[in-house]
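One-letter residues, chain by chain:
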Amino acid sequence: MDVVNQLVAQGQFTILKQPLGFIKVLQWIFAIFAFSTCGSYSGMFKMSVECKNRSESDLGIEVEFEYPFRLHQVYFDAPTCKGENPERLFLVGDYSSSAEFFVTIGVFSFLYAMASLSVYCFLLEKYRENCKGPQIDFVVSAVFAFMWLVSSCAWAKGLSDVKTATDPERVVTLIAACEEPENRCREVNDPKVSGLNTSVAFGFINLILWIGNLWFVFKETGWMAAFGGTYVPSQEKQPAPDSFAQEGYAQQDPYAGSQGGYQPEYGQQGYNEEGGYSQGYEQQPTSFSNQM
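The rules behind these values
- Residues numbered from 1 in each chain as written.
- Predicted model: local features only at pLDDT ≥ 70, side-chain atom pairs only at ≥ 80, totals over all residues.
- Heavy atoms only, no water.
- UniProt positions renumbered as here; feature names shortened; annotations may be inferred.
- Axes fitted to C-alpha atoms, helices over the stretch in contact; angles between N-to-C directions.
- Helix = DSSP H or I, 4+ residues; strand = E, 2+ residues; numbered from the N terminus.
- Parallel < 35°, antiparallel > 145°, perpendicular 65-115°, else oblique.
- Left-handed = near helix turned anticlockwise from the far one by under 90°.
- Nonpolar A, V, L, I, M, F, W, Y, C, P; charged D, E, K, R; others polar.
- Expected span 1.5 Å × (residues − 1).
- Bend = angle between axes of the 7 residues up to and from the residue.
- Core = buried A, V, L, I, M, F, W, Y, C linked by side-chain atoms within 4.5 Å.
- Buried < 20%, exposed > 50% of the residue type's maximum accessible area, 1.4 Å probe, protein only.
- Contact = heavy atoms within 4.5 Å.
- Disulfide = S-S within 2.5 Å.
- Pairing = 2+ DSSP bridges.
- pLDDT = per-residue confidence, 0-100.
- Phe/Tyr/Trp six-rings, centres within 6.5 Å; stacked < 30°, edge-to-face > 60°.

Going by the annotation in an unreviewed UniProt entry, the name recorded for the chain is Synaptophysin-like, with Gymnodraco acuticeps given as the source organism. As its UniProt record puts it under Sequence similarities (unreviewed entry), the chain is described as follows: "Belongs to the synaptophysin/synaptobrevin family." Among the UniProt annotations of the chain, the heading Subcellular location (unreviewed entry) holds the following wording: "Membrane".

Put into structure tokens, the structure is as follows:
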């Protein structure tokens, strides 16, 4: 308990009140709703076959199916109305790929949202260090947004096919006895798929949340400065300040002209062999003794 209390005391839970953390909480919650409503589903529909010979009729044929909707493995026994043993029939279709894909994306989204919330609350400074954490978060969030789009569309199509394959009016056409006009076949109960409809809705809600979250993560990446023009790529080297100063001096030097500028003749001006100073003029100065 002491360790837990210490972690709670050190946590920066104010981030949960900001859009960056608040949307992650919503993603965590709606991911649970999405994969739980789909992965925990089980349904049932009922049919009746009334034969000409009432003793052979079966007025309560129940067909149960569930996630992951491998309907080709779901079977039921129907009367033949010919005095023979009931025949075993199977439903048509395998829609496990789209359903399992949808649930997998929901589970991984739930885990990533939970991990992100832990980082936001306890390692926020490390997360924002060098902007690498937000950049990784942005890329992963973009991938999840795309995966939610694909999985939600795939599961919406799969659910439509599941509804068609489990429609009692369609299933009774598989029963050979129902082709005889003297026998009467009808549906008793339709399967309740409201939970599956909700799972599709939760899938698209998650898509909206993950797309909306991209903007708030993008502001943490530091890429906005690059798009604003304040970022200088490393391959474009800027001129050194000294070179600017020299170029500016060369352009503004009043002595620089077509003759190459003023350059003193050091061969005519310098120290002579005796250590005296010679200026290179034709008229030599008189010595101090002669002036006296």
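That shown, we press on.
Draft legend 1. The packing of helix 5 (residues 132–165) against helix 7 (residues 194–221), seen in detail. For the pair helix 5 and helix 7, the least separation of the axes is 8 Å and the interaxial angle reads 165°. In this view, helix 5 runs roughly antiparallel relative to helix 7, as classed from their interaxial angle. As for the relative orientation of helix 5 and helix 7, their crossing is left-handed in sense. Its residues placed into classes, the contact of helix 5 with helix 7 shows 20 nonpolar, nine polar and three charged.

Draft legend 2. Up close: helix 7. Taking 1.5 Å of rise per residue, 28 residues should cover 40 Å, and helix 7 covers 41 Å from first to last C-alpha, within 8% of that figure. Tryptophan 215 marks where helix 7 bends most, by close to 25°. In the stretch just after helix 7, glycine 222 is the one whose phi turns positive, near 85°.

Draft legend 3. Quick peek at the nonpolar core. By size, the foremost hydrophobic cluster in this structure holds 43 residues, and its most contacted members are Met47, Phe69, Phe76 and Trp155. Where this core is concerned, the elements lending two or more residues are helix 2 (19–39), strand 1 (42–50), strand 2 (58–66), strand 3 (75–78), helix 3 (96–122), helix 5 and helix 7. The element contributing the most residues to this core is helix 5, with seven residues. Apart from the residues lying within four places of it in its own chain, the contact partners of phenylalanine 76 are Met47, Ile61, Glu62, Val63, Glu87, Arg88, Leu89, Leu91, Val171 and Ile175. Core analysis: the second largest hydrophobic core is formed by 10 residues, Ile15, Tyr120, Cys121 and Leu124 among them.

Draft legend 4. Just the state of the cysteines, in detail. If you walk through the whole model with that rule in mind, you get two disulfides. Here cysteine 51 is linked by a disulfide to cysteine 81, with a sulfur-sulfur distance of 1.7 Å. As the torsion about the S-S bond is roughly -65°, the cysteine 51-cysteine 81 disulfide counts as left-handed. On the criterion of sequence distance, the pair formed by cysteine 51 in the loop between strand 1 and strand 2 and cysteine 81 in the loop between strand 3 and strand 4 (87–90) is long-range, its members being 30 residues apart. The pair formed by cysteine 51 and cysteine 81 is uniform in burial state, with each residue classed as buried. If you count the bonded cysteines of the chain from the N-terminus, they pair up as 1-2, 3-4.

Draft legend 5. Structural detail: the UniProt feature "transmembrane region" (unreviewed entry) in the chain. In this structure's numbering, the residues bearing the UniProt feature "transmembrane region" (unreviewed entry) are residues 25–44, 101–124, 136–157 and 200–218. Helix and strand shares over residues 25–44 are 75% and 15% respectively, and the end C-alpha atoms of the span are 35 Å apart. Secondary structure across residues 200–218 comprises 100% helix and 0% strand; the distance between its end C-alpha atoms is 28 Å.

Draft legend 6. Spotlight on the sheet that holds strand 1. Read from one edge of the open sheet, three strands run 2-1-5, paired in antiparallel fashion. Of all strands in the sheet, those bounded by a partner on one side alone are strand 2 and strand 5 (184–189). Neighbouring strand axes in the sheet, compared pairwise and without regard to direction, differ in orientation by 25° on average. When strand 1 meets strand 2, the two strands line up antiparallel, connected through seven bridges. Along strand 2, the bridge assignment pairs glycine 43 with phenylalanine 65.

Draft legend 7. A look at the confidence of the model for the chain. Summing up the model confidence of the chain, the mean pLDDT is 79 and the portion of residues at 70 or higher is 72%. Per-element mean pLDDT across the chain ranges from 42 in helix 10 (residues 288–291) up to 95 in helix 3. Counting interchain partners and residues more than four positions distant, the pLDDT-below-50 stretch residues 230–238 has four contacts.

Draft legend 8. Region of the structure containing the packing of aromatic side chains. One pass over the full model with this rule turns up 20 aromatic pairs. Between phenylalanine 102 and tryptophan 148, the aromatic rings sit 5.8 Å apart at their centres with planes inclined by 80°, giving edge-to-face as the arrangement. Highlighted residues: phenylalanine 102 in helix 3 and tryptophan 148 in helix 5, separated in sequence by 46 residues. The pair formed by phenylalanine 102 and tryptophan 148 is uniform in burial state, with each residue classed as buried. Between tryptophan 215 and phenylalanine 218, the aromatic rings sit 6.1 Å apart at their centres with planes inclined by 25°, giving stacked as the arrangement. Of this pair, tryptophan 215 and phenylalanine 218 are both found in helix 7, three residues apart, which corresponds to roughly one turn of the helix. Note on phenylalanine 218: relative accessible area 16%, which makes it buried. Clustering of aromatic rings is evident, with ring pairs tying together Tyr41, Phe45, Phe65, Tyr67, Phe69, Phe102, Trp148 and Trp155.

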